[in-house]
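Here is what each chain is made of, one letter per residue.
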Amino acid sequence: MKILFASAEAYPLAKVGGLGDVAGSLPKALRDLGHDVRIVMPRYATIAASNKGLGTFSVAIGGADHEARLRTSNIEDVPVYLVDFTPLFDRPKVYEYPDDGQRFAFFGRAILDLLPVAGWWPDIVHLNDWHSALAAAYLKTTFSGDARYRTIGCVMTIHNLQHQGLFGRDLFEWTGLPAETWNPEGVEFYGKMNFLKAGIVYADKVTTVSPTYAAEIQTPEYGYNLDGLLRSRTGKLSGILNGIDYTVWNPAKDPHIAARYTKSTHDRKTENKASLQKEVGLPASPPAPLIGIVSRVTEQKGFSLLIPAIPDILRLGAQIVLLGTGEKVYEEPLERLSATKTGVVAYLKYDEVLAHRIYAGSDFFLMPSKFEPCGLGQMISLRYGTIPIVRATGGLSDTVGDVAADPKGGNGFLFSKFSGPELLDAISRAVAFYRKGRGWRALQQRAMATDLSWAASARAYAAVYTAATVGNLTRSPQLRTRSS
Ligand code: ADP
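Heads up: these notes are all about the structure in this document. Because the structure is predicted, anything quoted here is derived from the model rather than measured. (Residues numbered from 1 in each chain as written. Predicted model: local features only at pLDDT ≥ 70, side-chain atom pairs only at ≥ 80, totals over all residues. Heavy atoms only, no water.)

1. Comments concerning the site of the ligand
Here is step 1: In the neighbourhood of the ligand, 20 residues make up the surrounding shell, with Gly18, Arg296, Lys301, Lys349 and Tyr359 lying closest.
Here is step 2: Within the contact set of the ligand, an oxygen atom lies 2.7 Å away from a side-chain nitrogen or oxygen of Arg296.
Here is step 3: The contact in question runs from an oxygen atom of the ligand to an N or O atom on the backbone of Leu376, over 2.9 Å.
Here is step 4: For the ligand, whose accessible area on its own is 570 Å², the fraction buried by protein is 92%.
Here is step 5: Its residues assigned to classes, the shell around the ligand comprises 8 nonpolar, 6 polar and 6 charged. (Near = heavy atom within 4 Å. Polar contact = N/O pair within 3.5 Å; in protein donor to acceptor, adjacent residues only side chain to side chain. Areas by Shrake-Rupley, 256 points an atom, 1.4 Å probe, with all protein chains shown as cover. Nonpolar A, V, L, I, M, F, W, Y, C, P; charged D, E, K, R; others polar.)

Dropping the structure here:
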């Protein structure tokens, strides 16, 4: 099958968070299954484009035809189409510009406008999050009269329902979408234009990144006002767990860590722990359980719960090393705690190499998320034999099982309610388990043995693609004539 995989970020060309990891690794896994997958993304200033590219194409938006260039790159054996349009994308960052609405409306339209110059017609366009979601609306309205586009199936994956791409009606006018799409059954959402909603309404199939999150987003608690719409589309919605890239995250071959190890040599984690403690300036204490955190520092990731609990966690004799960036309201107290308390160090920056060392050198990995579509941190930590302590929500529920509930099969520690006492209780249990020693090595080995690869999930995506194309083939006038 031919799949065009659209994303605003794809590791290693551009990564802001988990979406970048997924877009960098799922296409490789689909290629391993024999599919012809190609990525399409904007060319930001940070992405080198040495070649002249495939030519120029015209993007019809904002009442004008804009000339963009189609360049190419690759992520290992996956070809990448780069939409090169200087006025909107030749900037250092992926997101957070005042004209993001225009930037990603343009991208959504360009995904379809570039196909003739690419000379490659996919069976499926797979859109990811709001940044590419508008392509679904264009495909099913503006382009529906064009036979070359009519049979293309459309799948959209929600990586985080919180980020929907909400803009004013003026942006809707600018997109040039047909006027009739401006209604609650189309792209309109309480008087605003909602990009993610466009994807949910117009895509043939909608997926999200874990089975539990697929159920949660159909409830008011997690639905961000789209739960009603999602309930009404429940038949085309499913949850497929992310995997992690085993070539990037592999303790046996990791070039960034002090001592490489496998399931049978995982005792060498102690060398990584000592090296990490030294690097970050924590007391060199092997008996002190070391808790690592690598995360965006935001409300979603549970920092309103974690920060007030830090003094209590330290009182348990644990150490904390944190790497992350995010909201000032959480960064500032973390900086203060890091400067004034022994046993906690916070690095408020983005640092791939330090992330690898924290995953390898910590005993535990903490993720007390308020909601978590899938979560990669807990999966990477499992792969490194670092025991996750997580809140039972979304993908965290689908990847971590509590040792108390399942002493022989559990691979971590869970708590349910988003509350300080429950968080502390889970950490106390984890620390006690670590101190007791019995079962600790077996737990680490079980964590490392958890299957976190993309293989099964890539097969599940392939099945969704097939289902999405079947729907379109029956709509194709050509095939209808043939079968009638
Ligand atoms: P998100 O909601 O941010 O996508 P995930 O757990 O799905 O959360 O993925 C986060 C990814 O970003 C992981 O690969 C994690 O290691 C990485 N990451 C997050 N913050 C940092 C940071 N400050 N430095 C390096 N890597 C980070």
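2. Digging into the sheet that holds strand β11 (residues 205–208)
Here is step 1: Read across the open sheet, the 9 strands follow the order β3-β4-β5-β2-β1-β6-β7-β11-β12; overall the sheet is mixed. Edge positions in the open sheet fall to β3 (55–61) and β12 (237–239), since each of these has one partner strand only. For this sheet, the mean angle separating the axes of adjacent strands, direction not counted, is 25 degrees.
Here is step 2: Examined bridge by bridge, β11 and β12 share 3 bridges and lie parallel to one another. Bridge pairing in β12 places Thr208 opposite Gly239.
Here is step 3: Sheet strands in contact with helix α3 (residues 100–113) are β1 (2–6), β2 (36–42), β3, β4 (64–75), β5 (78–84) and β6 (124–128), and its direction is about 125 degrees off that of β3. (Pairing = 2+ DSSP bridges. Helix = DSSP H or I, 4+ residues; strand = E, 2+ residues; numbered from the N terminus. Axes fitted to C-alpha atoms, helices over the stretch in contact; angles between N-to-C directions. Contact = heavy atoms within 4.5 Å.)

3. Section: helix α17 (residues 420–436)
Here is step 1: In a regular helix each residue adds 1.5 Å, so 17 residues correspond to 24 Å; α17 covers 24 Å between its end C-alpha atoms and thus fits that length.
Here is step 2: For α17, the set of buried residues is Leu423, Ala426, Ile427, Ala430, Val431, Phe433 and Tyr434. Taken around the axis of α17, the buried residues stretch over an arc of 160 degrees, which confines them to a single face. Residues of α17 that are exposed and point more than 90 degrees away from the buried face comprise Pro421 and Lys436.
Here is step 3: Following α17 by one or two positions, Gly437 adopts a phi angle in the positive range, close to 85 degrees. (Expected span 1.5 Å × (residues − 1). Buried < 20%, exposed > 50% of the residue type's maximum accessible area, 1.4 Å probe, protein only. Arc of directions from axis to C-beta.)

4. Some words on the pairing of strand β16 (residues 364–367)
Here is step 1: Every second residue of β16 is oriented toward a common face, with Phe364 and Leu366 on one face and Phe365 and Met367 on the other, all of them buried.
Here is step 2: As judged from the 2 bridges shared by strand β13 (residues 290–294) and β16, these two strands associate in the parallel manner. Counted as the bridge partner of Gly292 is Phe365 from β16.
Here is step 3: With 4 bridges joining them, β16 and strand β17 (residues 387–391) adopt parallel strand pairing. Among the inter-strand pairings, Met367 is bridged to a residue of β17, identified as Val390.
Here is step 4: Handedness of the crossover joining β16 and β17 through helix α15 (residues 377–383): right-handed. (Right-handed = clockwise from strand over helix to strand, strands pointing away.)

5. Some points on the sheet that holds strand β8 (residues 166–167)
Here is step 1: Across the sheet, which stays open at both edges, the 3 strands sit in the order β8-β10-β9 with antiparallel pairing between neighbours. On the outer flanks of this sheet lie β8 and β9 (188–189), each paired with one strand and no other.
Here is step 2: Contacts between helix α8 (residues 195–202) and the sheet are confined to β8, β9 and β10 (192–194), with β10 contributing the most and set at about 55 degrees to the helix.

6. Topic: the side chain of His159
Here is step 1: Turning to its location among the elements, His159 is positioned in the loop between β7 (153–158) and β8.
Here is step 2: Among the polar contacts made by the side chain of His159, one reaches the side chain of Asn128 at a distance of 2.8 Å.
Here is step 3: Setting aside residues up to four positions removed in sequence, His159 forms contacts with Leu19, Val22, Asn128, Asp129, Val209 and Pro373.

7. What about helix α18 (residues 440–449)?
Here is step 1: Those residues of α18 lying buried are Trp440, Leu443, Gln444, Ala447 and Met448. Along α18, the residues classed as buried sweep out an arc of 135 degrees about the axis, all on the same side.

8. Quick notes on the pattern of salt bridges
Here is step 1: For the coordinates displayed, the defined rule picks out 27 salt bridges.
Here is step 2: Asp351 is paired through a salt bridge with Lys349; the nearest N and O atoms lie 3.0 Å apart.
Here is step 3: The partly exposed category is assigned to Lys349, whose relative accessible area is 36%.
Here is step 4: When the shortest N-O distance is used, the salt bridge between Arg429 and Asp402 registers 2.8 Å. Separated by 27 residues along the polypeptide, Arg429 in helix α17 and Asp402 in the loop between α16 (394–399) and β18 (413–415) bring together distant segments of the chain.
Here is step 5: For Asp402, a relative accessible area of 10% translates into the label buried.
Here is step 6: Bridged by salt links that share partners, the residues Lys28, Glu76 and Asp245 form one connected network. (Salt bridge = Lys/Arg side-chain N within 4 Å of Asp/Glu carboxyl O.)

Geometric descriptors of this kind do not, in isolation, establish any biological role.
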